[in-house]
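Chains, contacts and geometry: an overview
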Amino acid sequence: MLRRTLKRFSKLIVSVGIACCLVAGGAGFASAQNIGGARPELPRNLEDSLKKQVSFLSSSAMKGRKAGSAEEKLASEYIYGYLQDLGAMMLSPKEGDDFGLANPVTGDTLHSRNIVGIIPGYDPALVGEFIVLGTQLDGPGYEVLNVNGERKERIFPGAYSNASGAAVLLQVAKLVAQNKFMFPRSIMFAFFGAGNLSQAGSWYFLNRSFADKDKIRFMVDVNSVGRDSGPNTFQAFIGLPDKEILKDIFTVAERPFSLNVKIAEKEPVPSDYRSFHSADIPFTLFSTGDNSLRGSIHDTPDQLDYLQLSQIVEYVYSYSLLLSGKEEFRETASEESGENRIYSQMEVDKRASFMKGDEKTFLRDWVYRYVKYPESAIASKTEGTEVVDFVVGTDGKLRDIKIDSGLSDEIDKAVLKVIKASPKWTPAEINGKKVPVKISIAVEFRLAQGSKFGINR
């Protein structure tokens, strides 16, 4: 069904793009490139809307939206109707793009579903390229207990896992639909079923359902958001360190009124980005991480921070706007081939290490220990994030050190001075052979006192 719908989309895609371009003129592309201006006009009742949607999706009647259940289907129909009302071009039917999973024990087939809709971009040259905003549709479900011979259902509501992510993407879709003249590329909203079953829905989408995955330029995943306490801060996980992705994340984060974002070193929660990563599609997973309530019987709507959720809506919208207007997307693989090939840390068997630690150790024990905040930068209140590239050679020495995204000449010099003086690293290896690897790190300069990492005054 999705393939047939996609053919209709392909026929309409050029005319839609031209029409949007005529309405928008040239202003849309400029806005997409310069997101440092005005904030998107957020609905006054955004927090209430998020709370209503989370409350519906995690209500007792939804029984945790178990994959393959009637309640998951009900959730998919709700999401379909919401996207359709926004004017999205739906690639799946109301009941979802159905796929089956065989139970190896019973032999039964469980049927789950994906909901996919597109808001076309305005640029005729880019409308056929997609930025996918994805999230998990199903929840943890319920289990049946025998209590004194009586059948009882214990429900895991799934407000945080992952009604919160679904509600955020629905509100982002509303903002994109209202401002579609600003998006050169098409934005695809995908709600994947069977996420709790090894991300089966996103795998099915990429490998069996969607014919043009080579036209997907980026995937933004939102899963388990809205817990703002203790270790549950807003964080981005990109897997392989990549300077372009880091730059985009911090560009949005440094806008006025934006959420601060932490770069997660490890996967915060399992999610559908995995399928896209396996298909060599660059991604960013946004989450506020795991906690003891996630997926439990206490995972209820009242446990969420709806102010934070509304801020995440704004952040994801702005990030999608930036991605939609990027001139090009680079491959994250190595830049050279043959004997001169430079690898990434993700490609090697044994990663390059500093003092038996990783890049975080290098930042904590070397860069932040010795770099000085220039007096001129303090006087001018210059703050932000420097992105630095370097190669760890087969001899452990650092070479090709350069500032990819700088703050000022003085700060650039201070950072380069410390990194160039770095002790030797332990080289990376493939099959026991030492190989060079390219690494990108983000060095934070903050004037505020009390930061765990970064340079304090």
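My aim in this report is to walk through the structure given alongside it, one point at a time. (Residues numbered from 1 in each chain as written. Predicted model: local features only at pLDDT ≥ 70, side-chain atom pairs only at ≥ 80, totals over all residues. Heavy atoms only, no water.)

**Examining the overall build of the chain**
The criterion, for reference: Counting from the N terminus, the helices are DSSP H or I runs at least four residues long and the strands are E runs at least two residues long. Three exposure classes are used, based on accessible area relative to the maximum for each residue type with a 1.4 Å probe and protein chains only: buried under 20%, partly exposed in between, and exposed over 50%. By the convention used here, residues are in contact when the closest approach between their heavy atoms is within 4.5 Å. Shrake-Rupley sampling with a 1.4 Å probe provides the accessible areas, and residues are treated as covered by the protein chains on show and by no other component.
For the chain, the helix and strand inventory stands at 12 helices and 17 strands. Residues counted as buried form 54% of the 457 residues belonging to the chain. Across the chain, every contact between residues at least 6 apart in sequence was considered, and the portion connecting residues at least 24 apart equals 78%. Counting every atom, the chain has about 20700 Å² of accessible surface; 49% of that belongs to carbon and sulfur.

**Some details on the side chain of Glu 386**
Worth spelling out the cut-off: Polar contacts here mean pairs of N or O atoms no more than 3.5 Å apart (in protein, one a potential hydrogen donor and the other a potential acceptor; neighbouring residues in sequence count only if both atoms are side-chain atoms).
You can see Glu 386 is positioned in strand β13 (residues 384-392). On the basis of relative accessibility, which here comes to 0%, the residue Glu 386 falls in the buried class. Looking at Glu 386, its side chain comes within polar contact range of the main-chain nitrogen of Leu 407, at 2.6 Å. Not counting residues within four places of it along the chain, the set of residues in contact with Glu 386 comprises Ile 403, Ser 405, Gly 406, Leu 407, Ser 408, Ile 411, Asp 412, Val 415, Ile 441, Ala 442, Val 443 and Phe 445.

**Remarks on the pairing of strand β6 (residues 150-155)**
Rules: Any two strands with at least two DSSP bridges between them are considered paired.
Inspection of the sheet shows strand β5 (residues 142-147) paired to β6 by six bridges, in the antiparallel sense. Residue pairing across strands places Glu 143 opposite Arg 154, the latter belonging to β6. Connecting β5 to the antiparallel partner β6 that follows it, the hairpin turn spans two residues, and Asn 148 within it adopts a positive phi of roughly 55 degrees.

**Quick word on the sheet that holds strand β17 (residues 437-445)**
To keep it simple, the criterion reads: To obtain each axis, a line is fitted to C-alpha atoms, and for helices this fit is confined to the stretch in contact; angles are then taken between N-to-C directions over 0 to 180 degrees.
If you walk across this open sheet you meet the four strands as β12-β17-β13-β14, and the pairing is mixed. The sheet is open, and its two borders are formed by β12 (343-344) and β14 (398-405), each paired with just one other strand. Bridging between β13 and β17 involves nine bridges; their strand directions are antiparallel. If you follow Thr 385 over to β17, its bridge partner there is Glu 444. Each of β13, β14 and β17 touches helix α12 (residues 409-420); the most contacted strand, β14, lies at about 160 degrees to it.

**Some points on the pattern of salt bridges**
Under the convention used in this document: By definition here, a salt bridge exists when the distance from a side-chain nitrogen of Lys or Arg to a carboxyl oxygen of Asp or Glu is within 4 Å.
Summed over all chains, the structure comprises 18 salt bridges. Here Glu 153 and Lys 63 are joined by a salt bridge, their closest N and O atoms 3.4 Å apart. Residue Glu 153 is found in strand β6, and its partner Lys 63 is found in the loop between α3 (46-57) and α4 (70-85); the two are separated by 90 residues along the sequence. Between Arg 217 and Glu 129 there is a salt bridge, with the nearest N and O atoms lying 3.3 Å from each other. On the criterion of sequence distance, the pair formed by Arg 217 in strand β8 (residues 216-222) and Glu 129 in the loop between β3 (109-119) and β4 (130-136) is long-range, its members being 88 residues apart. On the accessibility criterion, Arg 217 (23% relative accessible area) is partly exposed. We classify Glu 129 as buried; its relative accessible area is 15%.

**Observations regarding the packing of helix α7 (residues 243-253) against helix α9 (residues 306-324)**
Note the following rule: The scheme is simple: roughly parallel for angles under 35 degrees, roughly antiparallel for over 145, roughly perpendicular for 65 to 115, oblique for anything else. Crossing chirality is assigned from the near helix's rotation relative to the far helix, an anticlockwise turn below a right angle marking it left-handed and a clockwise turn marking it right-handed. Here the term charged refers only to Asp, Glu, Lys and Arg, the term nonpolar to Ala, Val, Leu, Ile, Met, Phe, Trp, Tyr, Cys and Pro, and the term polar to all other amino acids, Gly among them.
The interhelical angle for the contact between α7 and α9, taken along N-to-C directions, is 130 degrees, at an axis separation of 10 Å. Taken as axis vectors, α7 and α9 run oblique relative to one another. In this structure, α7 crosses over α9, and the sense of that crossing is right-handed. Residues Ile 245, Asp 248, Ile 249, Thr 251, Val 252 and Ala 253 of α7 lie in contact with α9, whose contacting residues are Tyr 315, Ser 318, Tyr 319, Leu 322 and Leu 323. For the contact of α7 with α9, a count of residues per class yields eight nonpolar, two polar and one charged.

**Side note on empty space enclosed by the protein**
To find the voids left in a structure, one rolls a probe of water-molecule size over its atoms. So the rule is basically this: Here a cavity denotes grid points, spaced 1 Å and computed from the protein atoms alone, that fit a 1.4 Å probe unable to get out, and a pocket denotes an open set having protein on both sides within 12 Å along at least 5 of 7 lines; residues with an atom within 4 Å of a point are the lining. Grid points are joined across faces, edges and corners, and a volume is the space filled by probe spheres set on the points.
Applying the stated criterion across every chain yields a total of two cavities of 30 Å³ or more. Counted as a void, the second largest cavity has a volume near 30 Å³. Lining the second largest cavity are Tyr 160, Arg 227, Asn 291, Leu 293, Arg 294, His 298, Asp 299, Thr 300 and Gln 303. Broken down by class, the residue content of the lining of the second largest cavity amounts to two nonpolar, four polar and three charged.

**Details of unusual backbone geometry**
Cis geometry is found at the peptide bond from Ser 161 to Asn 162, where omega equals 5 degrees. In the Ramachandran plot, Asn 148 falls in the positive-phi region, its phi being about 55 degrees despite a non-glycine side chain. With respect to the element layout, Asn 148 can be found in the loop between β5 and β6. At Asn 431, a residue that is not glycine, the phi angle is positive and equals roughly 55 degrees. In this fold, Asn 431 is placed in the loop between β15 (428-430) and β16 (433-435). The class of Asn 431 is exposed, set by a relative accessible area of 71%.

**Observations concerning the packing of aromatic side chains**
Selection rule: Any Phe, Tyr or Trp ring, taking Trp's six-membered ring, that has another such ring centre within 6.5 Å forms a pair; planes under 30 degrees apart are called stacked, those over 60 apart edge-to-face, and the others tilted.
Enumeration according to the criterion identifies 24 aromatic pairs in this entry. Each ring, one from Phe 192 and one from Phe 276, has its centre 6.0 Å from the other, and the planes form 55 degrees; the classification is tilted. Here Phe 192 is found in strand β7 (residues 186-192), whereas its partner Phe 276 is found in helix α8 (residues 273-278), with 84 residues between them in sequence. Looking at Phe 192, the relative accessible area reads 0%, which means it is buried. Of the residues examined, Phe 276 reaches a relative accessible area of 0% and is grouped as buried. Seen in terms of ring centroids, Phe 362 and Phe 390 are 5.8 Å apart; in terms of plane orientation they differ by 65 degrees. Their pairing is edge-to-face.

**Structural notes on the side chain of Glu 71**
Quick reminder of the rule: His is not counted, nor are the chain ends; Lys and Arg add positive charge and Asp and Glu add negative charge.
If you trace the backbone, Glu 71 turns up in helix α4. Lacking a salt bridge, the buried Glu 71 has Lys 63 as its closest oppositely charged neighbour, with an N-O distance of 4.3 Å. In contact with Glu 71, not counting residues within four places along its chain, are Ala 61, Met 62, Lys 63 and Arg 65.

**Details of the pairing of strand β11 (residues 283-287)**
Counting buried residues along β11, five of its five residues qualify, which places the element largely inside the surrounding structure. Going residue by residue along β11, you find Phe 283, Leu 285 and Ser 287 tucked away on one face and Thr 284 and Phe 286 tucked away on the opposite face as well. In the sheet, β8 pairs with β11 via four bridges, with the strands oriented parallel. The partner of Val 222 across the bridge, within β11, is Phe 286. Bridging between strand β9 (residues 235-237) and β11 involves three bridges; their strand directions are antiparallel. Pairing of Phe 237 across the sheet is with Leu 285, part of β11.

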